[in-house]
Amino acid sequence: MDLKSLTRIASTPSVGLTHHRVAPARIVIQCVSRNDSTNVNTNSSPANVGSGQVGRARHDWQSACAILASKVVSSEQQDTEKSNGGAEGISAVNGHPTLDLVPVNNPSSSPAPLPKPLSIADLSPSPMHGAQLRVAYQGVPGAYSEAAAGKAYPNCEAIPCDQFEVAFQAVELWIADRAVLPVENSLGGSIHRNYDLLLRHRLHIVGEVQLPVHHCLLSLPGVRKEYLTRVISHPQALSQCEHTLTKMGLTVAREAVDDTAGAAEYIALNNLRDTAAIASARAAELYGLQILADGIQDDSGNVTRFVMLAREPIIPRTDRPFKTSIVFAHDKGTSVLFKVLSAFAFRNISLTKIESRPHRNRPIRLVDDANVGTAKHFEYMFYVDFEASMAEVRAQNALAEVQEFTSFLRVLGSYPMDMTPWTPSSSNGD
Ligand SMILES: O=C(O)C(=O)C[C@]1(C(=O)O)C=C[C@@H](O)C=C1
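Here the structure is a predicted model, which means the values were calculated and not measured.

Concerning the overall build of the protein chain
Now for step 1: Along the backbone of the protein chain there are 12 helices and 20 strands.
Now for step 2: Relative to its 430 residues, the protein chain shows a buried fraction of 47%.
Now for step 3: Considering only contacts in the protein chain between residues 6 or more positions apart, those separated by 24 or more positions represent 78%.
Now for step 4: Only carbon and sulfur atoms are counted for the fraction: they give 54% of the accessible area of the protein chain, which is about 21,100 Å².

So, in structure tokens, the structure goes:
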């Protein structure tokens, strides 16, 4: 495996970084449980890292994806056929019987059973494959996203995906029940790719977790700092450690790869003695690397915020702090932004985040003024997070007002805020 096969187009390219690009996206999902020792080699000898196992798992998942995708398509076709003339609808969704409110039109049969009342279980169905929730994340075991999946859903089965988009698709195709994806970091800023994917896909934000990110510099055992000619990692991790690396005298090449743990795995698989990775202590353990330096992030309070995504939204409540995420656009661009934001200010609703992304469908607006010529304005999609639940009247009124000023508005989710106590110095991922 060469470095190119590990990399993808950066979601947040950092200035001065080499970033390797790869061929177009393909569905590659490796099925590796967080605790699955068959695919994660804990042997400290780098030469023994289980490439065959991981390769096989990847292949198995590729086949599983293909089968599942074809099943989804054929069951969708069947559903359409049934709804176009067939007598019966789908009898079960996600392992739960659906409510059949249409009486069977057969006089000889006994009366149709009365519909079962909805229960809490119907509103938030458990996964069809048992009690363990399957959670898709981008990266390989040892990535911070895997730790975030474990924090969001303790005891889940974490499913590594080679790209963010694959994690979205895994949930859409019912391969996974949830996806946990990074959206912003306190040092590196927003992970723009995931903002764009949130809009392109129809999943709902059902929660958030904030994970303290504690980076280590990893190398093969016995390697000294002086031997290094390059440092590889996820672009976010490289930017989060930029100043510390320079202070350490590591003014070597910095190269971006898909994820932090993938960088560690790559060094181990290729027995690279001139390369170090920025990754978690857990990645060092999994891929048999030594920790050359611990806590190399530029700020000890380095935190990444992840969102949890599901096929169905959760029902918003008012008995605990909630956050709501929306995205909107307006034909007149930024000129309505003040009006939109004042809808929240008048109701004392705090905004926690504003992000703007190019309006892909109409990136440029021309404004003609006969006297002065033609101005070209850039058009944006605005993403706003605010501290209120959609179950609150003030939030509903604010959104009703926002709708008046915007040409497009979508609620991405209303979900409980992560209120876990602040522990900036704690190490994670191990
Ligand atoms: O590469 C990883 O380990 C990831 O989980 C990805 C990611 C990111 O995309 O920001 C997550 C947390 C850290 O901020 C660094 C990298």
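Comments concerning the packing of aromatic side chains
What describes a pair of aromatic rings is the distance from one ring centre to the other and the angle between the planes of the rings.
Now for step 1: Evaluated as defined, the whole model comprises four aromatic pairs.
Now for step 2: Residues Phe-344 and Phe-386 carry aromatic rings whose centres are separated by 4.7 Å and whose planes lie at 40° to one another, so their mutual orientation is tilted. Residue Phe-344 is located in helix 11 (residues 337-345), and its partner Phe-386 is located in strand 19 (residues 380-386); the two are separated by 42 residues in the primary sequence.
Now for step 3: The buried category is assigned to Phe-344, whose relative accessible area is 0%.

Here we look at the site of the ligand
Now for step 1: The environment of the ligand is made up of 13 residues, and the closest members are Tyr-144, Ser-145, Gln-240, Thr-260 and Thr-304.
Now for step 2: Thr-260 places a side-chain nitrogen or oxygen 2.5 Å from an oxygen atom of the ligand.
Now for step 3: Between the ligand and the protein, one listed contact pairs an oxygen atom with a side-chain N or O atom of Thr-304 at 2.8 Å.
Now for step 4: Burial of the ligand by the surrounding chains reaches 100%, relative to a free accessible area of 360 Å².
Now for step 5: Among the elements of the structure, helix 4 (144-152), strand 6 (178-185), helix 7 (235-240) and strand 14 (303-310) are those that each provide at least two residues to the shell around the ligand.
Now for step 6: Partitioning the shell around the ligand into residue classes produces five nonpolar, seven polar and one charged.
Now for step 7: Split by domain, the residues of the shell around the ligand number at least three in each of domain 2 (134-212 + 304-416) and domain 3 (216-296).

Details of the packing of helix 5 (residues 164-172) against helix 6 (residues 192-200)
Now for step 1: Close contact between helix 5 and helix 6 brings their axes to 10 Å; oriented N to C, the two are set at 30°. Considered as vectors, helix 5 and helix 6 are oriented roughly parallel to each other. Along this stretch, helix 5 crosses helix 6, giving a crossing that reads as right-handed. For the pair helix 5 and helix 6, the contacting residues are Phe-164, Glu-165 and Phe-168 in the first and Arg-193, Asn-194, Leu-197, Leu-198 and Arg-200 in the second.
Now for step 2: Counted by class, the contact of helix 5 with helix 6 contains four nonpolar, one polar and three charged residues.

Structural notes on the nonpolar core
Now for step 1: Leu-217, Leu-218, Leu-245, Ala-264, Ile-278 and Tyr-287 are the most contacted members of the largest nonpolar core, which has 38 residues in total.
Now for step 2: Where this core is concerned, the elements lending two or more residues are strand 9 (216-219), strand 10 (230-233), helix 7, helix 9 (260-270), strand 12 (275-279) and helix 10 (281-287).
Now for step 3: Ranked by the residues each element gives to this core, the list is headed by helix 9, at six residues.
Now for step 4: When residues of this core are assigned to domains, at least three map to each of domain 2 (134-212 + 304-416) and domain 3 (216-296).

A closer look at unusual backbone geometry
Now for step 1: Located in the positive-phi region is Trp-174, a residue other than glycine, with phi close to 65°.
Now for step 2: Position of Trp-174 among the secondary structure elements: in the loop between helix 5 and strand 6.
Now for step 3: Residue classification places Trp-174 among the partly exposed residues on the basis of a relative accessible area of 30%.
Now for step 4: Here Asn-348, not a glycine, exhibits a phi torsion of approximately 55°, which is positive.
Now for step 5: Looking at the element boundaries, Asn-348 is found in the loop between helix 11 and strand 16 (351-358).

A look at the environment of Asp-385
Now for step 1: Position of Asp-385 among the secondary structure elements: in strand 19.
Now for step 2: Assessed through its relative accessible area of 6%, Asp-385 is described here as buried.
Now for step 3: Sequence separation of Asp-385 and Leu-203 is 182 residues, and the distance between their C-alpha atoms is 17 Å.
Now for step 4: Excluding anything up to four places from it in sequence, Asp-385 contacts Arg-305, Lys-323, Thr-324, Ser-325, Ser-350, Leu-351, Thr-352, Lys-353 and Tyr-415.
Now for step 5: At a separation of 2.8 Å, a polar atom in the side chain of Asp-385 contacts the side chain of Ser-325.

Some remarks on helix 11
Now for step 1: Of all the residues in helix 11, the buried ones are Val-340, Ser-342, Ala-343 and Phe-344.
Now for step 2: Packing partners of the buried residues in helix 11 comprise strand 15 (322-329), strand 16, strand 19 and helix 12 (393-405).

Some words on the UniProt feature "domain: Prephenate dehydratase" (unreviewed entry) in the protein chain
Now for step 1: Those places that UniProt annotates as "domain: Prephenate dehydratase" (unreviewed entry) correspond, in this numbering, to residues 134-311.
Now for step 2: The span residues 134-311 carries 32% helix and 33% strand; its end-to-end C-alpha distance comes to 13 Å.

The rules we used
Residues numbered from 1 in each chain as written. Predicted model: local features only at pLDDT ≥ 70, side-chain atom pairs only at ≥ 80, totals over all residues. Heavy atoms only, no water. Helix = DSSP H or I, 4+ residues; strand = E, 2+ residues; numbered from the N terminus. Buried < 20%, exposed > 50% of the residue type's maximum accessible area, 1.4 Å probe, protein only. Contact = heavy atoms within 4.5 Å. Areas by Shrake-Rupley, 256 points an atom, 1.4 Å probe, with all protein chains shown as cover. Phe/Tyr/Trp six-rings, centres within 6.5 Å; stacked < 30°, edge-to-face > 60°. Near = heavy atom within 4 Å. Polar contact = N/O pair within 3.5 Å; in protein donor to acceptor, adjacent residues only side chain to side chain. Nonpolar A, V, L, I, M, F, W, Y, C, P; charged D, E, K, R; others polar. Domains from an automatic or database assignment. Axes fitted to C-alpha atoms, helices over the stretch in contact; angles between N-to-C directions. Parallel < 35°, antiparallel > 145°, perpendicular 65-115°, else oblique. Left-handed = near helix turned anticlockwise from the far one by under 90°. Core = buried A, V, L, I, M, F, W, Y, C linked by side-chain atoms within 4.5 Å. UniProt positions renumbered as here; feature names shortened; annotations may be inferred.

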